[in-house]
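Here are the chains, one letter per residue:
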Amino acid sequence: MDWLIIYLASINILGFFAMGVDKERAQKKRWRIPEKTLFAIAILGGGLGTWLGMYMFRHKTKHDYFVKVISVVMMIQVALLFVFLWRME
């Protein structure tokens, strides 16, 4: 159980900061983090962190497909987490 908490915390922190780094790179017209990498981080468990980073840094919020995909991934992961925690009781 501890490894799961550490993994989820780490991947969500990574997703959050990846959005911030990509925003900064976009502003400076530098090499960007590919969208497929941002999607992969979200799908691998970092949906909430990526979603929070998207809105905190106001990054990719005008890309409807990006907002929709990240939002759906995040909602599915939060629902799965609640189901997982509920079954542990």
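Residues numbered from 1 in each chain as written. Predicted model: local features only at pLDDT ≥ 70, side-chain atom pairs only at ≥ 80, totals over all residues. Heavy atoms only, no water.

## Digging into helix α2 (residues 35–56)
Then, number 1: Over its 22 residues, α2 runs only 18 Å from end to end, short of the ideal 32 Å by more than 12%, given 1.5 Å per residue.
Then, number 2: In α2, a bend of some 130° at G46 exceeds every other bend along the element.
Then, number 3: Restricting attention to buried positions, one finds in α2 the residues L38, F39, I41, A42, G45, G46, G47, G49, T50, G53 and M54.
Then, number 4: Check the buried side of α2 and you find it contacts α1 (2–27) and α3 (64–88).
Then, number 5: Directly after α2, the chain includes R58, whose backbone phi takes a positive value near 50°. (Helix = DSSP H or I, 4+ residues; strand = E, 2+ residues; numbered from the N terminus. Expected span 1.5 Å × (residues − 1). Bend = angle between axes of the 7 residues up to and from the residue. Buried < 20%, exposed > 50% of the residue type's maximum accessible area, 1.4 Å probe, protein only. Contact = heavy atoms within 4.5 Å.)

## Things to note about the packing of aromatic side chains
Then, number 1: Enumeration over the complete set of coordinates arrives at 4 aromatic pairs.
Then, number 2: Considering the side-chain rings of F39 and F66, the 4.7 Å spacing of their centres and the 35° angle between planes classify their relative orientation as tilted. With a gap of 27 residues between them, F39 in helix α2 and F66 in helix α3 connect regions that are remote in the sequence.
Then, number 3: Through pairs of rings, three or more aromatic residues link up here, namely F16, F17 and F57.
Then, number 4: Positioned above the aromatic ring of F66, the side-chain terminus of K60 is 5.6 Å from the ring centre. (Phe/Tyr/Trp six-rings, centres within 6.5 Å; stacked < 30°, edge-to-face > 60°. Lys NZ or Arg CZ within 6 Å of the ring centre and 35° of its normal.)

## Examining the packing of α2 against α3
Then, number 1: Two elements in contact, α2 and α3, have axes whose closest approach is 8 Å; the angle formed by their N-to-C orientations is 85°. As far as their axial angle goes, α3 and α2 are roughly perpendicular.
Then, number 2: When its residues are assigned to classes, the contact of α2 with α3 shows 16 nonpolar, 6 polar and 1 charged. (Axes fitted to C-alpha atoms, helices over the stretch in contact; angles between N-to-C directions. Parallel < 35°, antiparallel > 145°, perpendicular 65-115°, else oblique. Nonpolar A, V, L, I, M, F, W, Y, C, P; charged D, E, K, R; others polar.)

## Here's the deal with the environment of L85
Then, number 1: For L85, the position within the fold is in helix α3.
Then, number 2: It is 11 Å that separates the C-alpha atoms of L85 and M1, two residues lying 84 residues apart in sequence.

Geometric values such as these leave the question of function open.
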